[in-house]
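Take a look at the letters that make up each chain.
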Amino acid sequence: MGKCFAVVSGKGGTGKSTVSCGLAVSFSRKGNSVLVIDLDKGLRCIDSYFGIDPDVVLDLSDAFTDNDISDVFYKINNENELYVIPSPPADFNINSDDFSVFLEKCGSRFDVIILDLPAGLDFSLIKNVPGIKYICVSNQDPVSIKDAAAVRNALNGISPLLILNKFDVELLGKRKYDNIDGIIDNSGIQLVGIIPDTKDMKMFPITNKFKKRGRIIKALNRITERLAGKSVKLPRPDNI
Ligand SMILES: Nc1ncnc2c1ncn2[C@@H]1O[C@H](COP(=O)(O)OP(=O)(O)O)[C@@H](O)[C@H]1O
Ligand SMILES: [Mg+2]
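In what follows, the accompanying structure is described. Not measured: the values here are computed from a predicted model.

1. Looking at the sheet that holds strand S4 (residues 82-85)
If you trace the eight strands from one edge of the open sheet to the other, you get S3-S4-S2-S5-S1-S6-S7-S8, paired in mixed fashion. For this open sheet the edge positions go to strand S3 (74-75) and strand S8 (190-196), each flanked by a neighbour on one side alone. Pairing geometry for strand S2 (residues 34-38) and strand S5 (residues 112-116), over five bridges, is parallel. In the sheet register, Ile37 faces S5, and the bridge partner there is Leu115. Contacts between helix H1 (residues 16-29) and the sheet are confined to strand S1 (3-8), S2, S4, S5, strand S6 (133-138), strand S7 (161-167) and S8, with S5 contributing the most and set at about 170° to the helix.

2. Let's talk about the site of ligand 1
Near ligand 1 there are 18 residues, and of these Gly15, Lys16, Ser17, Thr18 and Met201 occur at the shortest range. Contributions of two or more residues to the shell around ligand 1 are made by H1, S7 and helix H6 (199-207).

3. Some thoughts on the pairing of S7
Of all seven residues in S7, six are buried; the element is thus mostly enclosed. By the bridge criterion, four bridges tie S6 to S7 in an arrangement that is parallel. The partner of Cys136 across the bridge, within S7, is Leu162. Relative to S8, S7 runs parallel, the two being bridged by five bridges. Paired with Ile163 across the strands is Gly193, a residue of S8. Remark: the S7/helix H5 (residues 180-187)/S8 crossover connection has right-handed handedness.

The rules we used
Residues numbered from 1 in each chain as written. Chains lettered and ligands numbered in written order. Predicted model: local features only at pLDDT ≥ 70, side-chain atom pairs only at ≥ 80, totals over all residues. Pairing = 2+ DSSP bridges. Helix = DSSP H or I, 4+ residues; strand = E, 2+ residues; numbered from the N terminus. Contact = placed C-beta atoms within 7 Å. Axes fitted to C-alpha atoms, helices over the stretch in contact; angles between N-to-C directions. Near = placed C-beta within 6 Å. Buried ≥ 20, exposed ≤ 12 C-beta atoms within 10 Å, placed from the backbone. Right-handed = clockwise from strand over helix to strand, strands pointing away.

What follows is the structure, given as structure tokens:
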């Protein structure tokens, strides 16, 4: 299988789904075929964030019936090889072995698979996926960081990577906000990248697009390069 990433967080609303979409766009613009699977059961959003027709009828649950699995892949317009599987209904239950087999099948077709999880500490569905990498999306506030540490603990020895999202340089070290070293120490997680708090990111659920230039795609590209094993320098915090 190609690379598989689970985008997780302890606290809700840190930007997992937006970041999942952004990483997927960045990987696909670098020539990878990419699949994003929305695993937030009953609360689907990735299809809407990418502007897929709201009348889509199939979702992840349909991949476990008689359908051909490619029926549940929805292609994203204006990107090369980028596909989404909408999240299943709230009452959909599947065991982790069957889900791993399904991912294995998807892995023969895609270079990169991104799993967008709900907030929280339940990773039971994906625990058997071979080689999966966890990316914890946190904000700068102390509760987000504390919850990122809880994710690391819940993973029992598997080391996640940290994306600091909605980053505001002005908050660094102010009041109860830590500086970047403190954030890394308090979360106990290796930092893989920082994404600034911007209007473009806030508006993505409405615009459904990532600009080809600018701070956001640059930040996303740095992260996908690091995830691909390259060494990319972190810019100065006021230049992210
Ligand atoms: N870097 C960012 N800057 C500004 N707003 C952001 C950023 N990342 C996400 N958001 C906004 O935060 C809200 C929650 O994002 P979402 O990705 O749905 O979070 P989650 O999946 O963690 O619940 C959305 O309105 C989104 O537009
Ligand atoms: Mg989400």
